[in-house]
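Structural description and commentary
Residues per chain, in single letters:
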Amino acid sequence: AVYFFLILKEMFQMTTDVVTALKSTFSTFRKEGLTKIRNKNVSIISRQLEAVAVALHEVGALPDEAPLDILEGFLICSCAPFRDTFAFQNTKERIRHIRQHYGEGGSTLERI
């Protein structure tokens, strides 16, 4: 079973093009936010972003800025109470991001 797993993992390894495309998901969401999501469905985009984050984390390519990109994207919407909630979380994440550069804070995947 372990041998079969290693064969499959090697066969379906992510190329740099795939990693680049997945990383662009975060920057695109940061720029467009919920405006490009059908019916502004937070549940769907949350699952999609989490799946991309997990895939990138598995290959060690999850960018440190991913949580900030996600929170910035959630700020682009028409519902003020929703936006205000994420504005506060965005501020907290910016502080964590600064602290992480000094060796504090959790992993990037945990912050997502």
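Everything that follows concerns the structure shown earlier in this document.
Residues numbered from 1 in each chain as written. Predicted model: local features only at pLDDT ≥ 70, side-chain atom pairs only at ≥ 80, totals over all residues. Heavy atoms only, no water.

**Remarks on the packing of aromatic side chains**
This model, assessed by the stated rule, comprises 4 aromatic pairs. The interplanar angle of 80 degrees and the centroid separation of 5.2 Å between the aromatic rings of Phe29 and Phe74 together place this pair among those described as edge-to-face. Of the two residues, Phe29 is situated in helix 2 (residues 16-32) and Phe74 in helix 4 (residues 66-74); the sequence distance between them amounts to 45 residues. Taking the relative accessible area as the measure of exposure, Phe29 reaches 4% and is therefore buried. Under the relative-accessibility criterion, Phe74 is labelled buried at 6%. (Phe/Tyr/Trp six-rings, centres within 6.5 Å; stacked < 30°, edge-to-face > 60°. Helix = DSSP H or I, 4+ residues; strand = E, 2+ residues; numbered from the N terminus. Buried < 20%, exposed > 50% of the residue type's maximum accessible area, 1.4 Å probe, protein only.)

**Observations regarding the side chain of Asn90**
Note that Asn90 resides in helix 5 (residues 80-100). Exposure remark for Asn90: the relative accessible area of 5% places this residue in the buried category. Looking at Asn90, its side chain comes within polar contact range of the side chain of Glu72, at 2.9 Å. In contact with Asn90, not counting residues within four places along its chain, are Leu68, Leu71, Glu72 and Leu75. (Polar contact = N/O pair within 3.5 Å; in protein donor to acceptor, adjacent residues only side chain to side chain. Contact = heavy atoms within 4.5 Å.)

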